[in-house]
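The residues making up each chain are set out below.
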Amino acid sequence: MEEFDLVIIGRGIIGNLTALTASKANLKVLLVGPEEKPITNKEFGTRSYALSPSSVDFISKITEKDKSELKHQKIFSMQIFNERAKVTLEATEVKQNYLAQIVNHNTLVEHLSIPKASQTITCLKDKPQSLGYVQTSDGERASIEFSDGDKNFKVSAKLIIGADGMSSWVRQSAGIFWGRKNYNQKAIVSEILPQNDHRGVACQWFYEGGVLALLPCLNGNLSMVWSVSSTFFNKIQDQTPENLLHHVSDISQNHFGSLRLMTKPTSVDLAMTFADSYYGKRIALLGDAAHTVHPLAGLGLNLGIYDLISLSHYGDWFNARNGKFFDLGDKRKLIKFHENRIKKIPQIQFSLNALVGLFSYPGSFASSIRSLGMNFVDKSSLIKKRLIQQAQTIY
């Protein structure tokens, strides 16, 4: 039975970044799952992510000597609109050069690809079958059984990391309970060419029917993330591109001038999920395997990266080779990681969930209250500074 320091289940962005982080700490890694390759169908395009400065700095640190600079579009400010109010958040308010960097999914997948000549990362496409535990010469290890079609085989590791998404095999195999709240909403994603230059400004419109975000891309396009009710989605899903853009222009009040769809819109169901625990016996959950949030704040991927930063910090990964009896899966380390994340994630989930409810409440009175609150926030540099810092805080 081959032994590893870490077994990572999931080869998406978080899984690959976790493997590269562990490799930089000189840990022996098994990365499990089908390779995620860039999407080549230009008709549908790909989504983009708003990476916080903390996320960008961490990725840069992990890939600094092996990769070229990550291609991106900086967001210098963000404008948030309601029916009769507007909040403007500026990077300069927190003495930063930018609020976030917009990075295309394909670009990020390529940037975080695993080097084929890696001496510390082994990749495996076979699906895991079962999770167990064994005693070895260096103490207890978690073991995973695989089947390659002809025969079964096992590997062991001090720590198993679940980076395998909302339907996590690791979470289920470890017996970690989880919950899900459906928003009965869809996120419509597409890339749009605007008439007016976006100038690195992200815009977001809250209205009774949903939330529309138009994010600046490197190529001059806008990445659209439009959260709408499932009922409204069913009404418009078969409409022409012109009709869809007519809705977008009305909501955005023609802020960017005339619009043209550059990619075919895709959609995804929106839900908030939460694991009861972010760790188990020699188990750690990262990203969507542990939690998902509403996309209105663009925090989803950032929270997964923050999970990894927290786990590698409290797990003391970069000092692993300094101690003879170092144990990556030590329960005390995992509890510290869990306690750190459980202080942050539910708070963010609750806040975003409250915002979804607040801005979907119908009626002129509710609209007036929302506008009053937004105008108050816009006049308070202290509150705006706090909002920006909250979104970018790791611990």
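I will try to describe carefully the structure that is included in this document. (Residues numbered from 1 in each chain as written. Predicted model: local features only at pLDDT ≥ 70, side-chain atom pairs only at ≥ 80, totals over all residues. Heavy atoms only, no water.)

The terminal C-alpha atoms of helix H8 (residues 331-360), which comprises 30 residues, lie 42 Å apart, in line with the 44 Å expected from a rise of 1.5 Å per residue. Roughly 30° is the biggest bend found in H8, and it falls at isoleucine 342, with proline proline 346 one to four residues downstream. The N-capping residue of H8, defined by a side-chain oxygen 2.9 Å from the backbone nitrogen of arginine 332, is aspartate 330. (Helix = DSSP H or I, 4+ residues; strand = E, 2+ residues; numbered from the N terminus. Expected span 1.5 Å × (residues − 1). Bend = angle between axes of the 7 residues up to and from the residue. Polar contact = N/O pair within 3.5 Å; in protein donor to acceptor, adjacent residues only side chain to side chain.)

A word on unusual backbone geometry. In this structure, arginine 199 is a non-glycine residue whose phi angle is positive, near 55°. Mapped onto the secondary structure, arginine 199 falls in the loop between strand E12 (178-194) and strand E13 (201-207). The backbone phi angle of aspartate 316 is positive, close to 55°, even though this residue is not glycine. Locating aspartate 316 in the fold gives a position in the loop between helix H7 (300-314) and H8.

Turning next to the sheet that holds strand E7 (residues 100-104). Read across the sheet, three strands follow the order E3-E7-E4 without closing on themselves; strand pairing throughout is antiparallel. Edge positions in the sheet fall to strand E3 (48-51) and strand E4 (73-75), since each of these pairs with one other strand and no more. For this sheet, the mean angle separating the axes of adjacent strands, direction not counted, is 30°. Here E4 runs beside E7; their pairing, made up of three bridges, is antiparallel. Within E7, the residue paired with lysine 74 across the bridge is glutamine 101. (Pairing = 2+ DSSP bridges. Axes fitted to C-alpha atoms, helices over the stretch in contact; angles between N-to-C directions.)

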